[in-house]
Amino acid sequence: MCKRSALIGTTILIVLALVAPAVQAQDYRFNLKENRVHLYINHDGTVRIVYDLTFACDPGAHPIDVVDVGLPNNTYRLGEIRASIAGVPLTDLSDSPYVKPGVAVELGSHAIGPGQTDTLHIEAIVRDLIYQDSQDAEYASLEFAPTWFDSDFVHGPTRLEVNFHFPPGVTAEEPRYHKQEFTAAGFEDDRVVYTWIKEDASGSQKYVYGASFPKKYLAEGVVQKVPAFNLNLEALCSSPLCWFLLFGGGWAFLAIMGSWSQKRRKMQYLPPSLAVEGTGVKRGLTAVEAAVLLEAPLNKVLTMILFGLVKKGIITVESEKPLRVRAVDPLPQGIRLWPYEHRFLQAIGDNGELVEGKLREMAVDLIGDVNKKLTGFNRKETREYYKDIAARAWQQVEAAGTPELLGQRWGEGLEWTMLDEDWEGHTRRVFHDRPVVVPSWWWGYRPWADQVGPAPAPAPRPTPSGAGVPVTLPTLPGANFANTVVSGIERAANRVVSNIESFTDRVTQTTNPPPKPSSSSSRSGGYSCACACACAGCACACAGGGR
Amino acid sequence: MPFLDRVKSWFEPHRPLAPGIYHYQTPPDAPQQFRLHLRVEKDGRGVLLINAARVLHLNQTATEHAALILQGKRTDEAVHEIARRYNVSRATAQADFESLRETIWQIAQAGEEVCPVTYLEIERIEPLSAELSAPYRMDLALTYRCQNDCPHCYVGRPRDFPELSTGQWKQVIDRCWELGIPHLTFTGGEATLRPDLVELVRYAEDVGLVTGLQTNGRRLRDRAYLDELLLAGLDHIQITLESHDEAVHDRMVGVPGAWRETVEGIKTVVNADVYMMTNTTLTTANVDGIEETIAFVASLGVPTFGCNSLIYSGAAVAVGTGIRESELAPILERVKEATARHHLRLIWYTPTQYCELDPVGMELGVKGCTAAHYNMCVEPNGDVIPCQSYYVALGNILTDPWEAIWEHELARYLRRRDFMMEKCYHCPDQILCGGGCPLYNQHHGGPTPTI
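For clarity, every value in this text was computed on a predicted model and none was experimentally measured. (Residues numbered from 1 in each chain as written. Chains lettered and ligands numbered in written order. Predicted model: local features only at pLDDT ≥ 70, side-chain atom pairs only at ≥ 80, totals over all residues. Heavy atoms only, no water.)

For chain B, the helix and strand inventory stands at 17 helices and 15 strands. Evaluated residue by residue, chain B yields a buried proportion of 60% over its 451 residues. For chain B, the computed accessible surface area is about 16700 Å², with 52% contributed by carbon and sulfur atoms. (Helix = DSSP H or I, 4+ residues; strand = E, 2+ residues; numbered from the N terminus. Buried < 20%, exposed > 50% of the residue type's maximum accessible area, 1.4 Å probe, protein only. Areas by Shrake-Rupley, 256 points an atom, 1.4 Å probe, with all protein chains shown as cover.)

With that settled, the discussion passes to the packing of helix α11 (residues 290-299) of chain B against helix α13 (residues 328-341) of chain B. Residues and elements named next belong to chain B. Following both chains from N to C, one finds α11 and α13 inclined at 25 degrees, their axes separated by 9 Å at the closest point. With respect to each other, α11 and α13 are oriented roughly parallel. As α11 runs across α13, the sense of the crossing is right-handed. Residue-level contacts link Ile290, Glu291 and Ile294 of α11 to Arg334, Val335, Ala338, Thr339 and Arg341 of α13. (Axes fitted to C-alpha atoms, helices over the stretch in contact; angles between N-to-C directions. Parallel < 35°, antiparallel > 145°, perpendicular 65-115°, else oblique. Left-handed = near helix turned anticlockwise from the far one by under 90°. Contact = heavy atoms within 4.5 Å.)

Turning to the environment of A:Ile130, a few remarks are in order. Residues and elements named next belong to chain A. Positionally, Ile130 belongs in the loop between β8 (117-126) and β9 (131-132). Since its relative accessible area comes to 0%, Ile130 is described here as buried. Once the C-alpha coordinates of Ile130 and Ile41 are considered, the two residues, 89 residues apart in sequence, prove to be 8.8 Å apart.

So, on to the pattern of salt bridges. Residues and elements named next belong to chain A. Across all of its chains, the model carries 50 salt bridges over all chains by this definition. The shortest N-O distance in the salt bridge between Arg176 and Asp136 comes to 3.0 Å. Taken together, the residues span a long stretch of sequence, with Arg176 in strand β13 (residues 176-177) and Asp136 in the loop between β9 and β10 (139-144) at a distance of 40 residues. With a closest N to O distance of 2.9 Å, Glu289 and Lys373 form a salt bridge. With a gap of 84 residues between them, Glu289 in helix α5 (residues 287-293) and Lys373 in helix α8 (residues 356-374) connect regions that are remote in the sequence. What emerges from the salt-bridge pattern is a single network uniting Glu34, Arg36, Arg159, Glu161 and Glu199. (Salt bridge = Lys/Arg side-chain N within 4 Å of Asp/Glu carboxyl O.)

Further remarks concern the sheet that holds strand β6 (residues 93-95) of chain A. Residues and elements named next belong to chain A. An order of β3-β7-β6 is seen for the 3 strands of this open sheet, with the pairing classed as antiparallel. The open sheet is flanked by β3 (66-70) and β6, the only strands paired with a single partner. Taking each pair of neighbouring strands and ignoring which way they run, the sheet shows an average axis angle of 25 degrees. Here β6 runs beside strand β7 (residues 102-106); their pairing, made up of 3 bridges, is antiparallel. The residue of β7 that forms the bridge with Leu93 is Val105. (Pairing = 2+ DSSP bridges.)

Before going further, it helps to spend a moment on the nonpolar core. B:Met138, B:Leu140, B:Phe186, B:Ile237 and B:Leu332 are the most contacted members of the largest nonpolar core, which has 114 residues in total. What B:Leu140 contacts, discounting residues up to four positions off in sequence, is B:Trp169, B:Val172, B:Ile173, B:Leu184, B:Thr185, B:Phe186, B:Thr187 and B:Val378. Core analysis: the second largest hydrophobic core is formed by 66 residues, A:Ala347, A:Tyr386, A:Trp410 and A:Ala492 among them. (Core = buried A, V, L, I, M, F, W, Y, C linked by side-chain atoms within 4.5 Å.)

A few words now on the side chain of B:Glu205. Within the secondary structure, B:Glu205 sits in helix α7 (residues 197-207). With near-sequence residues (within four places) excluded, B:Glu205 lies in contact with B:Arg35, B:Val210, B:Thr211, B:Ala232, B:Gly233, B:Leu234 and B:Asp235.

Applying the stated criterion to the full structure yields 27 aromatic pairs over all chains. With 5.7 Å between their ring centres and 80 degrees between their planes, A:Tyr269 and B:Tyr86 make a pair best called edge-to-face. Residue A:Tyr269 is found in the loop between α4 (250-265) and β17 (274-277), and its partner B:Tyr86 is found in the loop between α3 (75-85) and α4 (90-110); the two belong to separate chains. Of the two residues, A:Tyr269 and B:Tyr86, both sit in the buried class. Pairwise contacts between aromatic rings join A:Phe164, A:Phe166, A:Tyr177, A:Phe182, A:Tyr194, A:Trp196, A:Tyr209 and A:Phe213 into one cluster. The ring of B:Tyr225 has B:Arg219 lying over it, and the distance from NZ or CZ to the ring centre is 3.8 Å. If you follow B:Arg415 out to its NZ or CZ, it ends over the ring of B:Trp406, 4.0 Å from the centre. (Phe/Tyr/Trp six-rings, centres within 6.5 Å; stacked < 30°, edge-to-face > 60°. Lys NZ or Arg CZ within 6 Å of the ring centre and 35° of its normal.)

What follows is about the confidence of the model for chain A. In this model, chain A carries an average pLDDT of 77, and 77% of its residues clear a pLDDT of 70 or more. Note on residues 513-547 of chain A: pLDDT under 50 across the span, and 137 contacts to partners over four residues away in sequence or across chains. (pLDDT = per-residue confidence, 0-100.)

All names here are of chain B. Helix length check: α13 (14 residues) gives 20 Å between terminal C-alpha atoms against 20 Å at 1.5 Å per residue, within 8%. Along α13, the residues that are buried comprise Leu328, Ile331, Leu332, Val335, Ala338 and Thr339. The arc that holds the buried residues of α13, viewed along the axis, is 125 degrees, so those residues lie on one side. On its buried face, α13 is in contact with β10 (275-282), α11, β11 (304-309) and β12 (345-348). A positive phi of about 55 degrees marks His343, the residue just after α13. (Expected span 1.5 Å × (residues − 1). Arc of directions from axis to C-beta.)

The strand order across the open sheet built from 4 strands is β9-β10-β16-β13 (chain A), with neighbouring strands paired in antiparallel fashion. If you trace the sheet from one side to the other, it starts and ends with β9 and β13 of chain A, each paired once.

Turning next to the confidence of the model for chain B. On average, residues of chain B score 93 in pLDDT, and 97% of them are at 70 or above. Scored by ipTM, the complex comes to 0.83, with pTM at 0.63.

A separate point is the packing of helix α2 (residues 60-70) of chain B against α3(B). Residue and element names in this part refer to chain B. Contact geometry for α2 and α3: axes closest at 10 Å, N-to-C directions at 150 degrees. The pairing of α2 with α3 is recorded here as roughly antiparallel in orientation. In this structure, the crossing between α2 and α3 has a hand that is right-handed. Across from Glu64, His65 and Leu68 in α2, the residues of α3 making contact are Ala78, Glu81, Ile82 and Arg85.

This part covers the pairing of strand β3 (residues 46-50) of chain B. Within a regular strand, side chains alternate between the sheet's two faces. Residues and elements named next belong to chain B. Burial of β3 is extensive: 5 of the 5 residues sit out of reach of the surface. Linking two consecutive strands that pair antiparallel, namely strand β2 (residues 35-40) and β3, is a turn of 5 residues; a positive phi of about 95 degrees is found at Gly44 within it. The pairing of β3 with strand β4 (residues 54-58) spans 5 bridges and is classified as antiparallel. Note on β4: the bridge partner recorded for Leu49 is Val55. Once β3 ends, the chain turns through 3 residues before running back antiparallel as β4, passing Asn51 with a positive phi of about 55 degrees.

The structure is reproduced here in structure tokens:
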């Protein structure tokens, strides 16, 4: 598998805009809040690169007085580079001593001081960046990695935005993105624009984006070919080979010429590549299904289902050890339950304990359902998509301005934030210094809190419950709240099944059985109808059925 | 070749493989059966079809490796050939050859259960976006004659439409093979009314094509006839069944007694060793009892239930029993539920506007119009039409150059999806949806091509 991945990873002709880490000095410390870059691909094969880099200098750190920005190659001309900050042109530009190729921009009196935020604008024109597409002789290819910074200096999330402005004339359906599907596509000044946005990028990480487009929109001769070899004359002439070539016998010369001639006849070899028609991200999974996709531990998945039902007011947890729950009976009208939630409810025994056999069946079916839903969709892209949703769920919680909103958003996004592998740590960090109004549903998990835990220090306030009955919700100091929910959910996760290893083993024995050959027919092409494919990603030829 | 030309050829640059088709079929005693077709395009790229169902797109180098794999070359032979023609080390060529062979074999042997996009992390391209020189599948409408008389039939031609002779149909089959089309379905009208059907199936299979039959199933109740077809090599059969209810079916096909013969035909085929499925057109005439129809199909032992909505062509334009796309979702939920309950595989065929019915959201698969792109149809007289239901001739397969047919203005119009409505231009689902079915749109006030 590794070999295949590597193989495919190199199938698109690499035209990397290689950039290197930037910024020097030891006490620089900043957050790159936004890295927005526009690439204008021109008819003459030049590419105008326009960066807007928004830096927030950390309090107490060295002012940002010089910025080194990496550029894809050394075809830029210093005289063509334009830089400004807050609209004020910056003229002290030089080749960067640290980033090669790259440019150093001295901010001078516009240095970004500790605690300050400002945006550096820089424009450069580079050449020889567009290469022959490896898949299509009629297409040109551009791949680009926006500049990044040394992880010693930069921290925190970066909003990364990369825009490819295709040459004038390229139509909307012509460009083809490479590995990473664009976030949005549109028009600007009659040019097709592909935009990639990553809200939680790292300022110290390299991201590569690429696209191809018909080379007919470029002037002749501007599309680069990958060199088969580089001839280093200096090295050659200083080697004995040079003397051999000069003074060697005629037979040797002829042999070399013959070999050279044969080599010249040969075609350029690009790594073999396979592609299948398929769709990218499978949207619409629930958080629980996403957890299965992300291969979260099964006790975490079960805990997510448990808390989903607590939130809906369908079950209350009556005791922790052993874990006993009680479901409302009959189920309230109008509440939508997912199939796995129904199955979870069916797994509640008469004494309120969960019947592991039934939970296991539920887990097996849940995993099967998720796999079925993913058929035809790209698993890797889908995983990234749901990780991104989890990150955004945390951002929403973090952005809440009041204790009420904080509690509300935490509750609403709980299952999504639980996709975070470091959920416990993240919870403690988010809440450590912020008061929070505990959501009303949480007490469906802790009706016995008075007996088992320290009483919260409430600052009572009336809040309507889901049923419209006023209840009093406490405001907890954030750290207490974090401790309460983290330990509560940890306990639930540890007790939802008696032995998670054994439980998981028995589930995966069913979901990942030893490979067996699929059913075979003595006839060839047993299912050989192009229409006979309901796989989401496979483009099925419209049938001829239907009479 | 004259000596000088031969010497000259030693110095000419190597060129990509010539356009054509390569075929591989597992030996009869192989534990798992599959067929591979590799179509080499003019620019050297390739399309590899596994059981005429799974499509892989290959770059030039992968195409060359795949051709050697399909020819059964040993690793050392393949490496020698690749290294002779390409600037590549033997070690790289060997590693690539073995890796590609493993991948192709893995996908071929995985069958339908393992989707290469989902599980094998094969690079993907957008659905319905492949640029081709010919379709993957050609439907051969051998005749427009039929024992049924469906008021909702989409055939837009008279029943006495001129028909090619057996010899001419064989030329059509040869032409399809030359064009690199690996998959034929015999249809109509009712293809079993052609006395030469068995002969044509055998001919196509001998050439190397995968073959299927779309039928009302009535003739297939004759086991001897079915055996003839299967011995000829027929690979799959689709039988139209409109309802579990005899009266409803007979009314929908316009012939009393048809249901009994069709059901007998289904039973006969189910007992034979061939991939088979049924298909049902969902209309207001049969949709009320769709759960019962599905249960009935399952009770017959059919593994796969196919369905589509009315195709607005031929008599169907005026039948008045069509269901609007916006009303299909709850019906399809019922169909999904019923097929799941009876452990039937469900195939939904109709391309719809995703804003009216989103098949991807409903987990029915990507459905877009593939006319004049992934599939086309040859009429009984040899004319090529974009699909079985779009009755505009693009040219004649026996007398017109293929390029003129493939690049016909209407074919390009459909491939470019120029039939999309204005509301589609900025729709995020545009790539997958492509505007739905152009025939449905035309019938419901959408654009009509002025070609």
